Amino acid sequence: MSTLKPAAVRRVAVIGGSRIPFARSDGPYATASNQEMLGAALDGLVERYGLHAPGAVGEFVAGAVLKHSRDFNLARETVLGSRLDARTPAYDIQQACGTGLQAVVAAANKIALGQTESAVAGGADTASDAPLGVNDGLRKVLLEARRAKSPGARLRALAKVRPGHLVPDIPRNAEPRTGLSMGEHAAVTARAWGVTREAQDELAAASHQRLAAAYERGLFQDLVVPFRGLARDQNLRPGSSTEKLAALKPVFGLDRPEPTMTAGNSTPLTDGAALVLLASEEWAAERGLEPLAYLSAYETAAVDFVHGDVADGEDGLLMAPAYAVPRMLERAGLGMADFDLIEVHEAFASQVLATLAAWEKRGLAPVDRSRLNVAGSSLATGHPFAATGARIVATLAKLLAERDEPGRGLISVCAAGGQGVTAVLERP
């Protein structure tokens, strides 16, 4: 009886990325579908790295959080409508705001195990073209009519339709288990961790200023492809300052005294798409491509935010990275001092600051703020849910390559449902 030998684990290279500028919802991309945006990012990647040949890419992995029924096979349909070889296999993935990074992890695992030589991974989301569901009462009436055995029974079922049934079910940014929006959950966490308004506004202003500086020095020249008249992220405010942000009124946590969260220190609803090209070292060498960095570790975690957050505990909706990162670093034998750059997804400024405090409480060294989100992050770019992880991977890999010396970067992404996805990039 023969047995299969375990495959040797290979290093997974980040070759590059491609994304369209992120836009505020109901703006320039108001009529753009997930597939159109994802296709634009994919075509940009195909052109930049010459991926037109048959079999150039082994697999395409992508997803979206807000999906129409027509998006049931989003990744595959995107391939078929793009310049990538139509014979490229593709599949969808979804883990709320962690979708983009989880897609990268899924693709990287196959490359590491030798199951494919290259892959493209990421995601897209549009808050503008959000799906509107049929009112649940109307849905039940229509199903009853469909099951009717006679015309009379069908008419009796349809006669049950009432004016209220014509109101559509509109997607809400709320957790099904609590009914609270993500912002309201973040406000609870901010109070639990004592995060101040001033600290939030300072972090938000820095995000805009650093993103503006990154654009000015050309960091995104080979990462961003223009789309529908945009060449830069629409949410970017180069002149943002703590003084200007201090003038904004709070919008979350208004049920308690001294709320601290505003539209300025919270991420706006955003449309966009982002992708990452991953490959084995052999694949890259055959094509004369220099890897920007390598994926060396990843970890996911989840918290019981239903019983923790609502009770004003420290395990808030967006706090899973507080557990994922220490676990990942312990497994890898690393500490915070081993990282040259740290990327924390900025769903809200308060959530970033609470996460940093939680890491310290769990025994990690304080994060050097000069290494944190050095090219700005979601508060400035915006946050198309499924696209953010891929945006961060490509940006961090490029930042590590820019340094032209060995380095290491940490990625932390929180997600709805009380989950978190984290990873480590290295440049030897």
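Whatever comes next refers back to the structure up there.
All of these numbers come straight from a predicted model, not from anything done at the bench. Within each chain, residues carry numbers counting from 1 in the order of the written sequence. Residue-level local features of this predicted model are given only where pLDDT is at least 70; pairs of side-chain atoms are given and counted only at 80 or more, and the full residue set underlies all totals for whole chains, interfaces and linings. Think of the side-chain values as coming from all heavy atoms in the structure, minus any hydrogens and water.

Engineer: Could you give an account of the overall build of the chain, naming the residues involved and the relevant values?
Structural biologist: Helix and strand definitions here come from DSSP, where helices need a minimum of 4 consecutive H or I residues and strands a minimum of 2 consecutive E residues; each element is numbered from the N-terminal end. Counting its regular elements, the chain contains 14 helices and 12 strands. Radius of gyration: over C-alpha atoms. The globule rule applied is 2.2 Å multiplied by the number of residues raised to the 0.38 power. What you see for the chain is a C-alpha radius of gyration of 22 Å, in line with the 22 Å of a compact globule of 428 residues. For the chain, the C-alpha atoms occupy an extent of roughly 75 × 60 × 55 Å along the three principal directions. Burial classes: relative accessible area under 20% of the type maximum marks a residue as buried, over 50% as exposed, and values in between as partly exposed (1.4 Å probe, protein chains only). Within the chain, the fraction of its 428 residues that count as buried is 55%. The long-range fraction of contacts in the chain, counting pairs at least 24 apart against all pairs at least 6 apart in sequence, stands at 80%. Of the roughly 18,100 Å² of accessible surface on the chain, a fraction of 53% belongs to carbon and sulfur atoms. Note that His is not counted, nor are the chain ends; the positive residues are Lys and Arg, and the negative ones are Asp and Glu. To locate a charge, take NZ of a lysine, CZ of an arginine, CG of an aspartate or CD of a glutamate. Looking at the chain, you have 45 positive and 48 negative side-chain charges, and the mean spots of the two groups are 7 Å apart. The contact criterion used throughout is that any non-hydrogen atoms of two residues lie within 4.5 Å. Accessible areas in this description were obtained via Shrake-Rupley with a 1.4 Å probe; residue shielding takes into account the shown protein chains only.

Engineer: Lay out the pairing of strand β10 (residues 341–344) with the relevant residues and their values.
Structural biologist: Residues of β10 alternate between two faces, with Leu 341 and Glu 343 on one and Ile 342 and Val 344 on the opposite face, all of them buried. Here, a strand pair is defined by DSSP locating no fewer than two bridges between the strands. Bridge count between β10 and strand β11 (residues 407–415): four bridges; the pairing is parallel. By the bridge assignment, Val 344 is partnered in β11 with Ser 412.

Engineer: Outline the pairing of strand β1 (residues 12–19), listing residues and values.
Structural biologist: For β1, the tally of buried residues reaches eight of eight residues, placing the bulk of the element in the interior. Sheet analysis places β1 next to strand β9 (residues 293–302), joined by three bridges and oriented antiparallel. By the bridge assignment, Ala 13 is partnered in β9 with Tyr 294. Looking at chain direction, β1 and strand β8 (residues 270–280) are connected through seven bridges and run antiparallel. Note on β8: the bridge partner recorded for Val 14 is Leu 278.

Engineer: Could you give me a rundown of empty space enclosed by the protein, with the residues and numbers involved?
Structural biologist: Empty space left among the atoms is revealed by rolling a probe the size of a water molecule over them. Space inside and on the surface of the protein is sampled on a 1 Å grid over the protein atoms alone, with a cavity defined as a set of points where a 1.4 Å probe fits but cannot get out and a pocket as an open set with protein on both sides within 12 Å along at least 5 of 7 lines; lining residues have an atom within 4 Å of a point. Grid points are joined across faces, edges and corners, and a volume is the space filled by probe spheres set on the points. Taken as a whole and assessed by the stated rule, the structure comprises one cavity of 30 Å³ or more. What the largest cavity holds in volume is close to 40 Å³. Along its surface, the largest cavity is lined by Gly 17, Ser 18, Arg 19, Leu 223, Leu 275, Ala 390, Arg 391, Ala 394 and Thr 395. Mapped by element, the contributors of at least two residues to the lining of the largest cavity are β1 and α14 (388–403). By residue number, the principal contributor to the lining of the largest cavity is α14, which donates four residues.

Engineer: Can you break down the layout of surface pockets residue by residue, with the values?
Structural biologist: There is about 290 Å³ of room inside the second largest pocket. What lines the second largest pocket is a set of 15 residues, among which Phe 252, Ser 266, Thr 267, Pro 268 and Leu 269 lie closest to the centre.

Engineer: Explain the nonpolar core to me, using residue names and the numbers behind them.
Structural biologist: One recurring pattern in soluble globular proteins: nonpolar side chains tend to sit buried together. Buried residues of nine kinds, namely Ala, Val, Leu, Ile, Met, Phe, Trp, Tyr and Cys, make up a nonpolar core once their side-chain atoms join them within 4.5 Å. Leu 278, Leu 295, Ile 411 and Leu 425 are the most contacted members of the largest nonpolar core, which has 48 residues in total. It is α14 that contributes the most residues to this core, nine residues altogether. Not counting the four nearest positions on each side in its chain, Leu 295 is found in contact with Val 12, Val 14, Val 104, Ala 108, Leu 278, Ala 423, Val 424 and Leu 425. Core analysis: the second largest hydrophobic core is formed by 37 residues, Leu 51, Val 57, Ala 90 and Leu 275 among them.

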